Amino acid sequence: MKQDIILAGVGGQGILSIAYVIDHAALADGLFFKQAEVHGMAQRGGAVQSHMRLSDGTIWSDLIPKGGADMVLSVEPLEALRYLDYLRPDGIVVTSSTPFRNIPDYPEVDKVLEAIRKAPRSVIVDSENLAKEAGTVKAQNIVLLGAASSFLILKEASLVGTIEALFRGRGTPVLEANLKAFALGQKAALGS
Amino acid sequence: MPRQILLGDEAVALGAVHAGLSAAYSYPGTPASEVLEYLVRQAGETKAFTAVWSVNEKTAYEEALGASFAGKRSLVSFKHVGLNVAADPFMNSAITGANGGFLVVSADDPGMHSSQNEQDSRYYVQFAQIPGYEPSDHQEAYDMAREAFDVSERFGLPVLMRLVTRLSHSRSAVETRDARAPNELKKGAGQDWILLPVNARRRFGRLLDLQAEMTRFSEESRFNLLQLNDKDRSFGVIASGIAYNYFREAVAADSAPPSFLKVSTYPLPERLIRELVGHVGTILVLEDGYPFIERQLKGLFGIAGKTVLGKMSGPLPASGELTPDIVRRALGREPLASLPASGLPLAGRPPQLCAGCPHADSFKALNKALEGVTGSNVFSDIGCYTLGALPPYNAIHSCVCMGASISMARGASDVGLYPAVSVIGDSTFAHSGLTPLLSAAKANTDMTVIILDNATTAMTGGQPTYGSGPGLLRLVEGLGVAKEHIRTIEPLPKHHDKNVQIIKDEIAHRGLSVVVAVRECVQEQRKKRS
């Protein structure tokens with residue numbers, strides 16, 4: 001049993017929080033994992049990605065080879081497209097439809113979404129509105145994690161337990177918003 | 001012991017703590033910053049050791065060496081180019097030797113994710129002729145850090161651990177063991193640390209005499225692994241550090257993988273290399289960074305009857321970071337089937353200054369002040385503000401090494417360039433800007449130094465800074481800059497016109513002037529609010 005995931009987004013969108021939750025859930029589930037992430041210069045509003053590998057056996061490389069990823073999980077649609085060639089032919093794209101426009105030449109978002117839909121399996125969720133509905137627009141990353149959760153080899157209880165541990169210290173409203181964001185993302189993915 | 005989730009950097013740090021660490025020093029730099037970040041957090045909780053952000057890497061190295069001389073176990077960490085800054089004490093500490101265990105952690109950045117070059121710290125290991133480690137995963141990073149202190153005390157030498165970005169910034173679970181107690185303080189000293197020629201010659205002789213024993217240490221290390229395939233004597237692999245993972249990934253499905261030698265310690269384990277080379281006809285060397293092993297293997301004349309492949313003679317690129325795909329191809333394996341790329345032209349998304357960043361306002365003011373001036377004349381430095389090189393600012397014209405903006409502007413001014421402008425951040429100024437400004441002040445060089453004081457070391461995540469606020473202004477004055485030409489601006493849009501005028505006035509002054517742009521980093525402000 002193994003699962004290789006490319007996490008993608010823009011620096012500051014909370015990719016590393018998604019990775020944190022998956023890491024800790026994997027540890028709780030007794031899985032091996034390796035997770036390569038980006039620090040430093042690129043984090044300043046640039047494209048960031050994290051290679052997340054889960055397995056019940058030895059994981060060698062910290063990086064996923066092209067064609068090796070089971071999932072691209074992206075908080076931003078253009079960033080999802082950047083890594084399509086990492087997906088195996090029947091891999092899945094789980095992405096937000098909300099563009100992050102901090103560059104002058106951002107393509108037409110409809111064309112981006114159309115290209116994502118060409119992947120054999122894709123789940124596109126409106127993370128911005130779902131996060132607002134959950135109580136904070138900052139929780140878009142957790143909406144996406146919720147959307148991906150049904151396709152992950154991790155136990156839902158381990159994911160939810162880690163989200164609780166991560167946000168408990170930031171007050172009840174923040175915790176509840178993130179738990180709701182997870183649930184809304186999950187529901188949206190199943191309905192799509 | 002339970003499994004802990006750690007970055008590669010943190011695994012090294014925790015290994016050091018469990019080896020009985022007493023003191024750790026560093027200057028921030030990607031990808032090494034998280035070593036000391038972790039130690040600062042731990043030290044804050046346990047008070048069991050000292051962990052300090054030093055003013056620069058040379059200072060950090062000397063502080064750690066002093067702790068080692070006092071008999072305690074100490075660590076210094078920095079990015080690869082930080083070792084250039086610390087190269088003077090580093091090279092000489094191989095002659096003095098260490099007393100308490102002394103671990104030097106140097107994190108390389110193949111592919112230059114956040115660096116000016118991709119120099120390979122293994123050359124420094126060879127240059128200083130000390131033992132070195134190169135972990136391939138997190139568990140090794142932890143285990144090697146622990147062992148390195150014992151090896152350092154066994155040889156009486158500093159030991160260098162080479163990391164690369166991919167391990168430094170990858171997370172995995174690590175099994176830890178019980179901590180060893182710190183060393184007792186050892187007072188007193190012999191002649192070994194006084195590098196007068198008479199002592200230095202004796203000590204260098206000792207270092208040379210130790211080389212054979214160091215090679216044996218490397219040959220016997222449990223971290224190196226030789227596995228010979230008796231059925232296939234045509235082809236074998238030497239893989240070091242993280243490249244070993246890519247090799248194992250590519251051959252994971254083989255019932256009988258090719259012969260291989262995993263190299264994790266330096267000096268090179270010669271006997272193991274001879275065994276592998278004796279066993280196969282063609283050797284592929286896989287290493288992230290420079291062709292360090294490959295070059296030594298081939299020498300000038302090659303190995304008769306053998307073919308050595310790698311970065312010098314294909315099939316691996318000579319520059320950039322290795323990836324599982326590159327290594328797979330080099331091993332002659334077909335790429336995995338994958339989805340095609342989208343075909344849409346994907347706009348790049350380079351890093352950029354944050355919304356509301358004070359540097360943005362400083363660059364807008366500087367650009368306006370220099371309107372109409374042609375030629376390359378804004379010497380800059382290393383930090384977030386290096387992003388001022390990118391559109392829409394296009395405001396700076398050099399970034400070489402820490403502190404170089406001031407010294408280079410002086411050199412350019414000396415030969416007639418006007419205006420000569422230097423742009424440097426507060427932390428970089430404290431790191432390496434003081435001495436060149438002292439020198440320029442003595443000469444009253446015709447140049448304008450703009451210090452961007454955002455009260456933090458921002459690019460690497462907000463570590464403390466030594467040269468900020470009123471203290472910075474006193475420093476500048478103390479270095480000999482005329483008080484009337486030390487000007488302060490607040491880089492905000494509402495002050496734009498005033499700031500442009502101040503910069504213009506100081507450029508017009510035909511002597512040394514310093515303009516300090518004071519406004520806190522927006523990321524740090526945000527952290528304080530949350």
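Not measured: the values here are computed from a predicted model. (Residues numbered from 1 in each chain as written. Chains lettered and ligands numbered in written order. Predicted model: local features only at pLDDT ≥ 70, side-chain atom pairs only at ≥ 80, totals over all residues.)

Help me get a handle on unusual backbone geometry, residues and values and all.
Residue and element names in this part refer to chain B. Geometrically, the link from G314 to P315 is a cis peptide bond, its omega value of -5 degrees lying close to zero. Looking at the element boundaries, P315 is found in the loop between β14 (307-309) and α14 (324-330). Even without being a glycine, M112 presents a positive backbone phi close to 50 degrees. Taking the C-beta count within 10 Å as the criterion, M112 has 14 such neighbours and is therefore assigned partly exposed. Phi at N394 takes a positive value of approximately 45 degrees, unusual for a residue other than glycine. Mapped onto the elements, N394 comes out in the loop between β15 (378-379) and α16 (404-414). For N394, a count of 12 C-beta atoms within 10 Å puts it in the exposed group. (Helix = DSSP H or I, 4+ residues; strand = E, 2+ residues; numbered from the N terminus. Buried ≥ 20, exposed ≤ 12 C-beta atoms within 10 Å, placed from the backbone.)

Hey, could you go over the environment of P257 of chain B for me, with residue numbers and the actual values?
Mapped onto the secondary structure, P257 of chain B falls in the loop between α11 (243-250) and β11 (259-263). If we ignore the near neighbours within four places in the chain, the residues touching P257 of chain B are N229 and V251 of chain B. (Contact = placed C-beta atoms within 7 Å.)

Any details on the pairing of strand β18 (residues 486-489) of chain B? Residues and values, ideally.
Taken residue by residue, a regular strand's side chains alternate between the two faces of the sheet. Pairing of β18 of chain B with strand β19 (residues 512-518) of chain B involves 4 bridges; the strand directions are parallel. Paired with I486 of chain B across the strands is V514 of chain B, a residue of β19 of chain B. (Pairing = 2+ DSSP bridges.)

Which residues make up the sheet that holds strand β2 (residues 21-26) of chain B, and what values go with them?
Residues and elements named next belong to chain B. What the 7 strands build is an open sheet, ordered β3-β2-β4-β5-β7-β6-β12; its pairing is mixed. The outermost strands of the open sheet, each flanked by one partner alone, are β3 (50-53) and β12 (265-266). In this structure, strand β6 (residues 132-133) lies alongside strand β7 (residues 159-164), joined through 2 bridges in parallel fashion. Each bridged residue has a counterpart across the sheet, and for Y133 the counterpart in β7 is M161. Set on the sheet, helix α7 (residues 138-155) makes contact with β4 (73-79), β5 (102-108), β6 and β7; between it and β7 the angle comes to about 155 degrees. (Axes fitted to C-alpha atoms, helices over the stretch in contact; angles between N-to-C directions.)

Give a description of the domain arrangement of chain B that names residues and reports values.
All names here are of chain B. What the domain assignment reports for chain B is domain 1 (3-209), domain 2 (225-330) and domain 3 (358-529). Placing a centre on the C-alpha atoms of domain 1 and another on those of domain 3 gives a separation of 33 Å. Counting from both sides, the interface comprises 11 residues of domain 1 and, opposite them, 12 residues of domain 3. Residue composition of the side of domain 1 that touches domain 3, by class: 6 nonpolar, 5 polar and no charged. (Domains from an automatic or database assignment. Nonpolar A, V, L, I, M, F, W, Y, C, P; charged D, E, K, R; others polar.)

With reference to specific residues and values, describe the interface of chain A and chain B.
Listed by partner, the interface residues are 46 residues for chain A and 44 residues for chain B. Elements with a contribution of two residues or more to the side of chain A that touches chain B: α1 (15-28), β2 (32-36), α2 (77-81), β5 (87-96) and α3 (109-117) of chain A. Residues that form the side of chain A that touches chain B fall into these classes: 23 nonpolar, 12 polar and 11 charged.

For the packing of helix α5 (residues 140-149) of chain A against helix α7 (residues 172-191) of chain A, give the residues involved together with the corresponding values.
Residue and element names in this part refer to chain A. Their axes nearest at 6 Å, the elements α5 and α7 cross at an angle of 45 degrees. The angle between α5 and α7 places the two elements in the oblique class. As for the relative orientation of α5 and α7, their crossing is right-handed in sense. Facing I142, V143, L144, L145, G146, A147 and S149 of α5, the residues of α7 in contact are N178, A181, F182, A183, L184, G185, Q186, A188 and A189. Its residues placed into classes, the contact of α5 with α7 shows 11 nonpolar, 5 polar and no charged. (Parallel < 35°, antiparallel > 145°, perpendicular 65-115°, else oblique. Left-handed = near helix turned anticlockwise from the far one by under 90°.)

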